[in-house]
Amino acid sequence: MSDPFFSRKRKRATSGLSNNTTHQRGGRRSRPSRADNPEEDAMVDLSGNDEVDNDDDIIDSDEEDLENSDIKSSDEDEDVDEDNADETAAEKRRRLALQYIENLKSDIDQTDGFDARDVDRDLLAARLQDDVAADQGKQYRFIASLFFPVDIQKRTAPRRQFLSYKGMKTPNAIGHFENVIYSIGKDRTLSKWDAISGKRLKYKKGDHIKEPLCLAVSEDGKYIATGGVDRRINIYDSNLELLKTFTQHRDAVTGLVFRRGTHTLYSSSADRTVKSWSIDGLSYVETLFGHQDSISGITALAQERCITTGSRDRTARLWKIVEESQLIFRSAGPNSAKNLGYAEGSLDCIAMVDNHMFLTGSDNGMLSLWSLQRKKPSFSAALAHGLEPQLPVSRWSAEKGNSTLKSPKPQPRWITCIYVIPYSDLVITGSWDGARVWRIGTEDAAAGSKDDEEMVPVRAKVMDINKRRYSLEQVAEFSIRGIINAVDVVEETKDEIKICVCIGDELKAGRWMKKKGVKSGITILTVKKAEMKSIA
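Residues numbered from 1 in each chain as written. Predicted model: local features only at pLDDT ≥ 70, side-chain atom pairs only at ≥ 80, totals over all residues. Heavy atoms only, no water.

1. Re the confidence of the model for the protein
Then, number 1: For the protein, per-residue confidence averages 79 on the pLDDT scale, and 71% of positions sit at 70 or higher.
Then, number 2: In the predicted structure, residues 532–536 sits below a pLDDT of 50 and forms seven contacts with residues beyond four places in sequence or in another chain. (pLDDT = per-residue confidence, 0-100. Contact = heavy atoms within 4.5 Å.)

In structure tokens:
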């Protein structure tokens, strides 16, 4: 039987009654009476009183009918916030601040074992300062010495885990959200893995018509973006369902990165442009121009800006999206051959340390640390991955038995990828000799005293970049067979990190090099924090 609420018909009122109703209700139309109740119709037509009383009767009868129906009134949603409906903006900020402090107290109670009532005010103040510093990009975590101490005897051998599937070809990019890993390779298959068990949870193939080159995952894990040689940018949800395909780039998409804490996506391409996208609206925003050669890498953090490398133009550019301006950082280029003996031909990869520093890697093995306060590198580590072995004469010359031929000097290994744990001093680089871990060393420019390895506290520091000098120090090396095209780090707990390395038999951007007998896959190195003495 149909509900009488939906069976009512609109009744045309007389002109005098209509004007009276409109005048009393401020222009609102009166509710129609029920067609199946002629007594109420007669009451509305013949009564000389105002229609408000009759209308109230109709509303009351409707409410009785709605009690037995499944329809929920919109007033129920409004009653939820009745207590906070009359508060001012200042009162709302105060309420949210008190709620935030209560959450901090409960968090400290769960992690450190304190009773919330006994929490000291200084501890809460320190947590608040840390949160503000993290939002402003001024919080630094000195964790390299905790996972890779100088004393080798304190280190524990990392546990290795290999992820692969039948027919897997050279994984080119990797990203993660919590303990879920996403990867994509030259077989055009997007895979979803469990970092703990190593199981392949889901995969999708065929959305790219050519080889993919890059992948990015939003900080909340809601969106996954992939790009490749086919000039496409595919947007997926967490279940690998394709949501949108962008085709605005005119050449291969070489890099993708999400701005931290948002769904804003930045993309770089071989067409020498940087584009901005709003993934919430699945729409294009703007295009930035400036590089003189194809862009090989892109990185971004929380601020509305990104940094790119221009490969053969040998520049790194900081793009200020809001100001629509850019800062140019030029590498040494051919001048690097004067000191090194190996000229820098291309800047291939980049990663941001924080809002003021970033790292670049080049094809002559130069790992450079840059500061936004200077146009030249703050520190450079030459031949970061060493030199190739000396080639025999039979490999570079067709002449036989000629002892006067001189073998060419060994060439440096390229830096194929860089990963930095954001706002920390831990850096990981890759090449075809394995992965190497670096520590960003800090030194007080005024006092000249270097931070002691053993005295680095677990809690993060807030540093003034203008009073620091920086250096790069290799702290570990992992021998991995194959070419490393991408690196990612999953921070599972405070005492354990998982270094995820994409291994293939060729480079992601071409086939200039081929490693025979290499099985493509993802190697996960689980590194635990070394046992260190407590600091009083």
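2. So, the sheet that holds strand S8 (residues 223–228)
Strand pairs in the sheet, formed through backbone hydrogen bonds, run parallel or antiparallel to each other.
Then, number 1: Ordered by their spatial adjacency, four strands build an open sheet running S7-S8-S9-S10, and the pairing between neighbours is antiparallel. Each edge of the open sheet is held by one strand with a lone partner, namely strand S7 (212–217) and strand S10 (242–246). In this sheet, neighbouring strand axes are inclined to one another by 20° on average, regardless of whether the strands run parallel or antiparallel.
Then, number 2: Pairing of S7 with S8, which is carried by five bridges, proceeds in the antiparallel orientation. The partner of Val 217 across the bridge, within S8, is Ile 224. (Pairing = 2+ DSSP bridges. Helix = DSSP H or I, 4+ residues; strand = E, 2+ residues; numbered from the N terminus. Axes fitted to C-alpha atoms, helices over the stretch in contact; angles between N-to-C directions.)

3. Some points on the pattern of salt bridges
Then, number 1: All told, the structure shown has 16 salt bridges when counted by the stated rule.
Then, number 2: Across the pair Glu 211 and Arg 511 runs a salt bridge whose closest N-O atoms are separated by 3.4 Å. With Glu 211 in the loop between strand S6 (200–205) and S7 and Arg 511 in the loop between strand S29 (496–504) and strand S30 (521–528), this pair connects stretches of sequence that are 300 residues apart.
Then, number 3: Owing to a relative accessible area of 24%, Glu 211 belongs among the partly exposed residues under this scheme.
Then, number 4: For Arg 511, a relative accessible area of 60% corresponds to the exposed category.
Then, number 5: The salt bridge involving Arg 511 is made with Glu 506; its shortest N-O contact spans 3.3 Å.
Then, number 6: A relative accessible area of 5% means that Glu 506 is categorised as buried.
Then, number 7: Within this structure, Lys 186, Glu 211, Asp 505, Glu 506, Arg 511 and Lys 514 form a network of salt bridges that share partners. (Salt bridge = Lys/Arg side-chain N within 4 Å of Asp/Glu carboxyl O. Buried < 20%, exposed > 50% of the residue type's maximum accessible area, 1.4 Å probe, protein only.)

4. Focus: the nonpolar core
Then, number 1: Within the largest apolar cluster, 25 residues are counted, with the highest numbers of intra-cluster contacts made by Phe 148, Leu 426, Val 437, Phe 478, Ile 480 and Ile 499.
Then, number 2: Broken down by secondary-structure element, the contributors of at least two residues to this core are helix H7 (144–147), strand S23 (417–420), strand S24 (426–431), strand S25 (434–444), strand S27 (468–478), strand S28 (483–493), S29 and S30.
Then, number 3: Element by element, the count of residues in this core is highest for S29, at four residues.
Then, number 4: Ignoring sequence-local partners within four residues, the contact set of Val 437 consists of Phe 148, Leu 426, Val 427, Ile 428, Glu 473, Gln 474, Val 475, Ala 476 and Phe 478. (Core = buried A, V, L, I, M, F, W, Y, C linked by side-chain atoms within 4.5 Å.)

5. Overview of unusual backbone geometry
Then, number 1: Phi angles above zero are rare outside glycine, and Ser 311 is one such case at about 50°.
Then, number 2: Looking at the secondary structure, you find Ser 311 in the loop between strand S16 (305–309) and strand S17 (315–320).
Then, number 3: Phi at Glu 324 takes a positive value of approximately 55°, unusual for a residue other than glycine.
Then, number 4: In this fold, Glu 324 is placed in the loop between S17 and strand S18 (325–330).
Then, number 5: Assessed through its relative accessible area of 62%, Glu 324 is described here as exposed.

6. A word on the environment of Ala 382
Then, number 1: Here Ala 382 shows up in the loop between strand S22 (379–381) and helix H9 (393–396).
Then, number 2: In this structure Ala 382 comes out as partly exposed when scored by relative accessible area, which is 37%.
Then, number 3: Placed 42 residues apart in sequence, Ala 382 and Leu 340 show a C-alpha to C-alpha distance of 7.4 Å.
Then, number 4: Aside from chain neighbours lying at most four places away, what touches Ala 382 is Leu 340, Gly 365 and Met 366.

7. Digging into the sheet that holds S17
Then, number 1: The antiparallel open sheet is built from four strands, whose spatial order is S15-S16-S17-S18. A single partner strand is all that each edge strand has here, and the edge strands are strand S15 (297–300) and S18. Within this sheet the neighbouring strands show an average axis-to-axis angle of 20°, counted without direction.
Then, number 2: Sheet topology note: the S16/S17 ladder contains five bridges and is antiparallel. Directly across from Thr 309, in S17, lies its bridge partner Ala 316.

8. A short note on the side chain of Asn 172
Then, number 1: Along the polypeptide, Asn 172 turns up in strand S3 (residues 171–177).
Then, number 2: Within the structure, Asn 172 has its side chain in polar contact with the backbone oxygen of Pro 212 (distance 2.8 Å).
Then, number 3: Excluding residues that lie within four positions of it along the chain, Asn 172 makes contacts with Ile 184, Gly 185, Lys 186, Pro 212, Leu 213, Asn 485, Ala 486 and Lys 508. (Polar contact = N/O pair within 3.5 Å; in protein donor to acceptor, adjacent residues only side chain to side chain.)

9. Comments concerning the packing of aromatic side chains
Then, number 1: Summed over all chains, the structure comprises nine aromatic pairs.
Then, number 2: Pairing Phe 246 with Trp 277 gives two aromatic rings, centres 4.4 Å apart and planes at 35°, and the pair type is tilted. Taken together, the residues span a long stretch of sequence, with Phe 246 in strand S10 and Trp 277 in strand S13 (residues 273–278) at a distance of 31 residues.
Then, number 3: Taking relative accessible area as the criterion, Phe 246 reaches 3% and is therefore assigned buried.
Then, number 4: Taken together, Phe 246, Trp 277 and Tyr 284 form an aromatic cluster joined through their ring pairs.
Then, number 5: The ring of Tyr 342 is capped by Lys 409, whose NZ or CZ atom sits 4.6 Å from the centre of that ring. (Phe/Tyr/Trp six-rings, centres within 6.5 Å; stacked < 30°, edge-to-face > 60°. Lys NZ or Arg CZ within 6 Å of the ring centre and 35° of its normal.)

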